[in-house]
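Observations on chain architecture
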Amino acid sequence: MKRLQLQQWSGSALSPRARPACGRLLYAGLRRQTTVSSTTTDAAPAADAGVATSRQLAQAPVLAASSQMSRRLLPSPPVEAARESAKLAALHARLYLPSRFPLETLARTLVHASADPNADFNNQSLATLGDDLLAYYATEHLLCTYPRLPLTVVFAAMYAYVGKKTLAAMAREWGVELAAAPGGEVDPGLLQFHRITPGTSLNTGPITGTTRPNDDRTSWRRGMTSRVVYDDHFGEPTMAPGATQQSTSNITPTVTAEEASATFVRAIMGAIYLHAGRPAAKRFFSQHFLSRHLNISELFNFSQPARDLSRLCAREGFESPVAKIISETGRKSRHPVFVVGIFSGKDKLGEGAGSSLLEARSRAAVAALKGWYLYSPLDVRVPSSMEEDGAAPWKPVYIDPGEVVV
Amino acid sequence: MPVQGIRAVTAARNGVGAFILQCKRLDLHYCDWAGSSRGMVAFLKHQLPAFAKENPQIEIRVSPRPHKHPVLRGHYINGREKAICVRNLEPEQILQKANLLKEASGEKLKKQKKPVTSLNESVRGIWSPYHGDLKSV
């Protein structure tokens, strides 16, 4: 399998570039992104980064002289402040980030695009890469482990693993604190973003400007298959890049704390990939994301389980399902219990208990459907395991025809 | 649509994959003048550098608090804090207190009644009166 060359496509995220003069002429050229000392290596040791920082401090005596005053004029903390922050060093150690991951990059992942619109100093590029990595690792895990999951449940499970809410909860559980307002004088160990004004409505009606055709037709159905083509990995419409820029060009963008925290976690993932490489990124994903607890059988919401089960049996060539009472008690009493099993020929597909015959039958059908959909093969391998050195030859994973179409 | 997905959030299991130390900050307060801070000042001079070095996950803040007893205060990820007054304690005793704050989860102390708490379902299942051989009265 051909290896990707990091240098060829991650140059914009890694290369040291000067901040262009955008109204702050005094500081243009003084402030540099020094996540990596040179382009010859993508893994700068911490010592190198420290040397680079001190060199730039010597170049900028003006900045050093009135550093406190000049920092107030910057939108986000200067790069050299990362080495002085105790919070940042503690966060680096708390997450067991590799030593090749410099503190300056960690500081950059904590600056949201709403705090600093300059793409060289905010975490937007890292978050884009991290989002793709998270989606890739989560998708391959779900599709290989549970090959029969219906698409709606795959979307829900993706949201549970790498959705906005989960990422925000993770940032909170990592002990990341939020800055009240962004600025150059703020401790770089705090998450910096412009908060949304209290009282702003977050549900602003139908979304337009997405990548979907005819998105102004709100009454048109959004089918499951079209979500795979047009929408993001949670089945939500994605905004077209041109539309978002137009809406945010005139006013200062503001975000919720949840969105900013999620962006930070994505950016950490992207930065680990760039600085420490693919194995470290995969290990970080399995340790922090896959290790969290999710009961996938609780993500199903059936509307007509008995109908779905009979369709499924017809498709798979099983005998049509028959519900039979296994045991019952107190039929004439105030609290009867029926235990109903669903049989296909001689095989019992599922069983459920309920206080009425219909309830017990639908519970049994749900149990039978979950037993089918939650099938998981033994010895699951994911495609990204082929990227390891000395990986065994790839054997095709189990692919299912998919959920039943009613 | 035959089946809908229900959106949920995964639950953290600290220590299953990665372990996050719950103590995120330790504040140490001392007084230069008062005698109750003598042990604390010795701790700050001689033992704190080693303690900070072996616990890089904890942000350590040292600040004077004149005319007051010395205090250790731990801040935790769950938002709570724990404070211990270390007046007249020897440096070794203060180190023990600092380790106690480091190892705490930040939760209120409560009695653990079950030997195991888990998010996973029990393998054995819940006993049902309707299965197995029925007992006749």
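Attention in this report is confined to the structure presented alongside it. Keep in mind that this is a model prediction, so the values were computed, not measured.

Quick notes on the packing of helix α13 (residues 257-276) of chain A against helix α14 (residues 278-290) of chain A
Residues and elements named next belong to chain A. At a closest axis distance of 6 Å, the pairing of α13 and α14 adopts a crossing angle of 150 degrees. Taken together, α13 and α14 sit at an angle that is classed as roughly antiparallel. Along the contact surface, α13 presents V265, I268, M269, I272, Y273 and A276, while α14 presents R278, A280, A281, F284, F285 and F289. For the contact of α13 with α14, a count of residues per class yields 11 nonpolar, no polar and 1 charged.

With respect to the interface of chain B and chain A
On the side of chain A, 46 residues touch chain B, which itself brings 32 residues to the contact. The junction of chain B with chain A conceals about 3500 Å² of combined surface from both sides, 57% of it contributed by carbon and sulfur atoms. Applying the counting rule to chain B against chain A returns 3 salt bridges. The salt bridge involving B:K24 is made with A:E177; its shortest N-O contact spans 3.2 Å.

As for the packing of aromatic side chains
All names here are of chain A. In this structure the tally under the stated criterion is 11 aromatic pairs over all chains. Judged by centre distance (5.2 Å) and plane angle (10 degrees), the rings of F285 and F289 are stacked. You can see F285 and its partner F289 sitting in helix α14, 4 residues apart, about one turn around the helix. Classification of F285 as buried rests on a relative accessible area of 3%. Classification of F289 as buried rests on a relative accessible area of 0%. Taken together, the ring pairs in this structure connect Y136, Y137, W174, F264, F284, F285 and F289 into an aromatic cluster. Sitting over the face of the ring of W372, R148 holds its NZ or CZ atom 3.6 Å from the ring centroid. The ring of F343 carries K324 above its face, with NZ or CZ at 4.9 Å from the centroid.

Notes on the packing of helix α15 (residues 305-316) of chain A against helix α16 (residues 357-373) of chain A
When two helices pack together, their arrangement is captured by the angle between the axes and the distance separating the axes. Residues and elements named next belong to chain A. Axis separation between α15 and α16 bottoms out at 8 Å; the angle between their running directions is 45 degrees. As the angle between them shows, α15 and α16 are arranged oblique. As for how α15 packs across α16, the hand of that crossing is left-handed. From α15, P305, A306, D308, L309, L312, R315 and E316 reach across to α16, where they touch R361, S362, A365, V366, A368, L369 and W372.

Here's the deal with the environment of A:S303
Along the chain, the position of A:S303 falls in the loop between β1 (300-302) and α15. With relative accessibility at 52%, the residue A:S303 sits in the exposed group.

Comments concerning the sheet that holds strand β5 (residues 81-85) of chain B
Pairing is mixed in the open sheet, where 4 strands are placed in the order β3-β2-β4-β5 (chain B). With partners counted over all chains shown, the strands left at the sheet margins are β3 (59-64) and β5 of chain B, one partner each. On average, each strand axis in the sheet is inclined to that of its neighbour by 15 degrees, with strand direction left out of account. Packing against the sheet, helix α6 (residues 86-94) of chain A makes contact with β2 (23-30) and β3 of chain B, and its axis sits at approximately 150 degrees to β3(B). Helix-sheet contacts for helix α2 (residues 91-103) of chain B involve β2, β4 (71-76) and β5 of chain B, and the interaxial angle to β4(B) is about 15 degrees.

Points about the environment of B:K45
Residues and elements named next belong to chain B. Within the element layout of this structure, K45 appears in helix α1 (residues 38-54). For K45, a relative accessible area of 60% translates into the label exposed. Spatially, the C-alpha atom of K45 lies 27 Å from that of G106, the residues being 61 residues apart in sequence.

Focus on the pattern of salt bridges
Here the idea is simple: oppositely charged side chains can pair when their charged atoms come close. Counted under the stated rule, the structure contains 22 salt bridges over all chains. A:R266 serves as the salt-bridge partner of A:E259, at 4.0 Å between the closest nitrogen and oxygen. Judged by its relative accessible area of 24%, A:E259 falls in the partly exposed class. In this structure A:R266 comes out as buried when scored by relative accessible area, which is 11%. Among the charged side chains, a network of salt bridges with common partners joins A:K87, A:E177, B:K24, B:E59 and B:R61.

Concerning the nonpolar core
By size, the foremost hydrophobic cluster in this structure holds 74 residues, and its most contacted members are A:V162, A:W174, A:F264, A:I272 and A:F289. The biggest single contributor to this core is α13(A), with 12 residues. A domain-level breakdown of this core finds at least three residues from each of domain 1 (6-215 + 223-296) and domain 2 (302-373) of chain A. Residue contacts for A:I272: discarding those within four places in its chain leaves A:L97, A:F101, A:G277, A:A280, A:A281 and A:F284. One finds B:L26, B:Y30, B:L44 and B:Y76 within the second-largest nonpolar core, a separate group that totals 20 residues.

Things to note about a nonpolar patch on the surface
Residues and elements named next belong to chain A. Together, V228, V229 and Y230 make up an exposed nonpolar region whose accessible area comes to about 280 Å². Here Y230 is to be found in helix α11 (residues 224-230). A relative accessible area of 34% means that Y230 is categorised as partly exposed.

So, the sheet that holds strand β4 (residues 347-354) of chain A
Residues and elements named next belong to chain A. The strand order β2-β3-β4 describes an open sheet built from 3 strands, whose pairing is antiparallel. Every other strand in the sheet has two partners, leaving β2 (322-329) and β4 as the edge strands with one partner each. Within this sheet the neighbouring strands show an average axis-to-axis angle of 20 degrees, counted without direction. Bridging between strand β3 (residues 337-344) and β4 involves 7 bridges; their strand directions are antiparallel. Bridged to G341 within β4 is E351. Each of β2, β3 and β4 is contacted by α16, which is oriented at about 135 degrees to β4, the strand it contacts most.

Analysis parameters
- Residues numbered from 1 in each chain as written.
- Chains lettered and ligands numbered in written order.
- Predicted model: local features only at pLDDT ≥ 70, side-chain atom pairs only at ≥ 80, totals over all residues.
- Heavy atoms only, no water.
- Axes fitted to C-alpha atoms, helices over the stretch in contact; angles between N-to-C directions.
- Helix = DSSP H or I, 4+ residues; strand = E, 2+ residues; numbered from the N terminus.
- Parallel < 35°, antiparallel > 145°, perpendicular 65-115°, else oblique.
- Contact = heavy atoms within 4.5 Å.
- Nonpolar A, V, L, I, M, F, W, Y, C, P; charged D, E, K, R; others polar.
- Buried area = accessible area lost by both parts, 1.4 Å probe.
- Salt bridge = Lys/Arg side-chain N within 4 Å of Asp/Glu carboxyl O.
- Phe/Tyr/Trp six-rings, centres within 6.5 Å; stacked < 30°, edge-to-face > 60°.
- Buried < 20%, exposed > 50% of the residue type's maximum accessible area, 1.4 Å probe, protein only.
- Lys NZ or Arg CZ within 6 Å of the ring centre and 35° of its normal.
- Left-handed = near helix turned anticlockwise from the far one by under 90°.
- Pairing = 2+ DSSP bridges.
- Core = buried A, V, L, I, M, F, W, Y, C linked by side-chain atoms within 4.5 Å.
- Domains from an automatic or database assignment.
- Patch = residues over 30% accessible without salt bridge, like charges linked within 9 Å, V, L, I, M, F, W, Y side chains within 5 Å.
- Areas by Shrake-Rupley, 256 points an atom, 1.4 Å probe, with all protein chains shown as cover.

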